[in-house]
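Okay, here's what each chain looks like letter by letter:
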Amino acid sequence: MLVVGPNLFVIVLLVLAIAIVFAGVKTVPQGYEYTVERFRRYTKTLYPGLNLIVPFIDRIGNKVNVMEQVLDVPTQEVITKDNATVSVDGVAFFQVFDAAKASYEVARLDTAILALTMTNIRTVMGGMDLDQLLSHRDEINVRLLAVVDAAASPWGIKINRIEIKDIVPPTDLVNAMARQMKAEREKRAAILEAEGLRQSEILKAEGQKQGQILQAEGRREAAFRDAEARERLAEADARATEMLSAAVASGDPAALNYYIAEKYVKAFETLGAAPNQKVVLMPYEGTALLSSLAGIGELTRSAFGGEPPRPTGNRRATGPLTPPAA
């Protein structure tokens, strides 16, 4: 018995030492922070890793998750500024940055964040029209984030994002919005069609205007060319008359005979080509035409280098052809 007693005491001390070590050494996993209470009063925070506390005096109060967490906001009905009732749900992302405040400044942290988010959703969205709710979700998210984050900062948490997932109007409002959208699209289509027709008419008028301008410019250019042609023709006639006068003055009446014969033949050609004349019967003297042709032959021989006929005193000059009397 004397030998067993000391051994039992050693065993008890060893077990007590092991218990003290286990009670004083705490291992905190990554992503968590532990609060330490001494006699039910907060003293410090344990961070991830190996930590030491006073055994049997200090104890772990709360194990706080400091990773970013997501909180689903349930569906609720919101009355908008224009008295439309819509169903809204969302999601909130938050993270604890002070484990002590999150443990001792608020009870049931998740419930508090949820209630705060739902209340501010009704406040923010209730001050907007239905059209604004459907078209300004980013603005709603920003306003909700600013308000909820400011209200939740004393709890040692940071609201990172608040997103509105669905905004569901009543069925009758959805049908009315569909009819309104259809009418608006039809109106825009009619406006675009009218604008296209107006633009088409404008372009057509511009094309006609340009065509008339080009036609006027063409007529003006043609008039200029006609005037120039008439001027050149008049100059040619004047030059021919001058040359004819010079030939007559030099004692050569063949040129005059040729000129008169040419005009005579052209007159017959004009009469024959008239659309209201089918048959032309006009008597004429063959000798006069022969004498005119003889004069033309003499001019031809003179032009191509032949000797011109010598005028004789007893030869009568060929006179101009005159139409015979009827």
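The model shown is predicted, which means the values in this text are computed figures rather than measured ones.

Caption draft 1: Spotlight on the overall build of the protein chain. Check the secondary structure of the protein chain and you find 8 helices and 8 strands. For the protein chain, the proportion of its 326 residues judged to be buried stands at 23%. Look at the contacts in the protein chain between residues 6 or more apart in sequence, and 63% of them connect residues 24 or more apart. Put simply, the protein chain shows about 22,900 Å² of open surface, and 60% of that area lies on carbon and sulfur atoms.

Caption draft 2: How the structure looks around the packing of aromatic side chains. A complete count under the given rule lists 1 aromatic pair for this structure. Considering the side-chain rings of tyrosine 42 and tyrosine 104, the 5.6 Å spacing of their centres and the 50° angle between planes classify their relative orientation as tilted. In this pair, tyrosine 42 sits in strand β3 (residues 41-46) while tyrosine 104 sits in helix α2 (residues 99-104), placing the two residues 62 residues apart along the sequence. A relative accessible area of 30% places tyrosine 42 in the partly exposed class. Residue classification places tyrosine 104 among the partly exposed positions, given a relative accessible area of 36%. In this structure, arginine 161 packs its charged tip against the face of phenylalanine 93, placed 4.4 Å from the ring centre.

Caption draft 3: Examining the packing of helix α3 (residues 109-126) against helix α5 (residues 137-152) more closely. The interhelical angle for the contact between α3 and α5, taken along N-to-C directions, is 135°, at an axis separation of 10 Å. Taken together, α3 and α5 sit at an angle that is classed as oblique. Between α3 and α5 lies a crossing whose hand is right-handed. Facing Leu116, Thr117, Asn120, Ile121, Val124 and Met125 of α3, the residues of α5 in contact are Ile140, Arg143, Leu144, Val147, Val148, Ala151 and Ala152. Residues that form the contact of α3 with α5 fall into these classes: 10 nonpolar, 2 polar and 1 charged.

Caption draft 4: Here's a closer look at a nonpolar patch on the surface. On the surface, a cluster of nonpolar side chains totalling about 890 Å² of accessible area is made up of Phe9, Val10, Leu13, Leu16, Ile20, Phe39, Val54, Phe56 and Ile57. As for its position among the elements, valine 10 is in helix α1 (residues 4-24).

Caption draft 5: Geometry of the pattern of salt bridges. Within this structure, the stated rule accounts for 9 salt bridges. When the shortest N-O distance is used, the salt bridge between glutamate 195 and arginine 198 registers 2.7 Å. Of the two residues, glutamate 195 and arginine 198 are both situated in helix α6 (residues 171-249); the distance of 3 residues between them amounts to about one turn of the helix. Residue glutamate 195 is classed as partly exposed on the basis of its relative accessible area of 36%. A salt bridge links arginine 225 to glutamate 221; the shortest N-O distance between them is 3.1 Å. Taken as a pair, arginine 225 and glutamate 221 lie in helix α6 at a separation of 4 residues, close to a single helical turn.

Caption draft 6: Representation of the nonpolar core within the structure. Counting residues in each nonpolar core, the largest one holds 34 residues, and the members touching the most others are Leu109, Met125 and Trp155. For this core, the leading source of residues is α3, giving 8 residues. When sequence neighbours within four positions are dropped, the list of residues in contact with leucine 109 reads Phe94, Val96, Ala102, Trp155 and Ile157. Counting 5 residues, the second-largest nonpolar core is a separate cluster that includes Val28, Tyr34, Leu46 and Ile53.

Caption draft 7: View of the side chain of glutamate 37. For glutamate 37, the position within the fold is in strand β2 (residues 32-38). Apart from the residues within four sequence positions on either side, glutamate 37 is in contact with Tyr42, Thr43, Ile57, Asp58, Arg59, Gly61 and Tyr104.

Caption draft 8: The arrangement of unusual backbone geometry in detail. Phi is positive for phenylalanine 56, which is not a glycine, with a value near 65°. On the secondary structure map, phenylalanine 56 appears in the loop between β4 (49-52) and β5 (58-65). With phi around 55°, arginine 108 is a residue other than glycine that occupies positive phi space. Along the chain, arginine 108 falls in the loop between α2 and α3. Arginine 108 gets classed as exposed once you look at its relative accessible area, which sits at 67%.

Caption draft 9: Geometry of the sheet that holds β2. Reading across the sheet, the 3 strands line up as β3-β2-β5 and stay open at both edges, with antiparallel pairing between neighbours. Edge positions in the sheet fall to β3 and β5, since each has one partner strand and no second. Averaged over all pairs of adjacent strands, the angle between strand axes in this sheet comes to 30°, irrespective of strand direction.

Caption draft 10: Up close: the environment of valine 142. Tracing the sequence through the fold places valine 142 in helix α5. Sequence separation between valine 142 and arginine 161 is 19 residues; the distance between their C-alpha atoms is 8.5 Å.

Caption draft 11: A look at α5. Spanning 16 residues, α5 covers 22 Å between terminal C-alpha atoms, matching the ideal 22 Å at 1.5 Å per step. Residues of α5 that are buried sit in contact with α3, α4 (130-135) and β8 (157-168).

Criteria and thresholds
Residues numbered from 1 in each chain as written. Predicted model: local features only at pLDDT ≥ 70, side-chain atom pairs only at ≥ 80, totals over all residues. Heavy atoms only, no water. Helix = DSSP H or I, 4+ residues; strand = E, 2+ residues; numbered from the N terminus. Buried < 20%, exposed > 50% of the residue type's maximum accessible area, 1.4 Å probe, protein only. Contact = heavy atoms within 4.5 Å. Areas by Shrake-Rupley, 256 points an atom, 1.4 Å probe, with all protein chains shown as cover. Phe/Tyr/Trp six-rings, centres within 6.5 Å; stacked < 30°, edge-to-face > 60°. Lys NZ or Arg CZ within 6 Å of the ring centre and 35° of its normal. Axes fitted to C-alpha atoms, helices over the stretch in contact; angles between N-to-C directions. Parallel < 35°, antiparallel > 145°, perpendicular 65-115°, else oblique. Left-handed = near helix turned anticlockwise from the far one by under 90°. Nonpolar A, V, L, I, M, F, W, Y, C, P; charged D, E, K, R; others polar. Patch = residues over 30% accessible without salt bridge, like charges linked within 9 Å, V, L, I, M, F, W, Y side chains within 5 Å. Salt bridge = Lys/Arg side-chain N within 4 Å of Asp/Glu carboxyl O. Core = buried A, V, L, I, M, F, W, Y, C linked by side-chain atoms within 4.5 Å. Pairing = 2+ DSSP bridges. Expected span 1.5 Å × (residues − 1).

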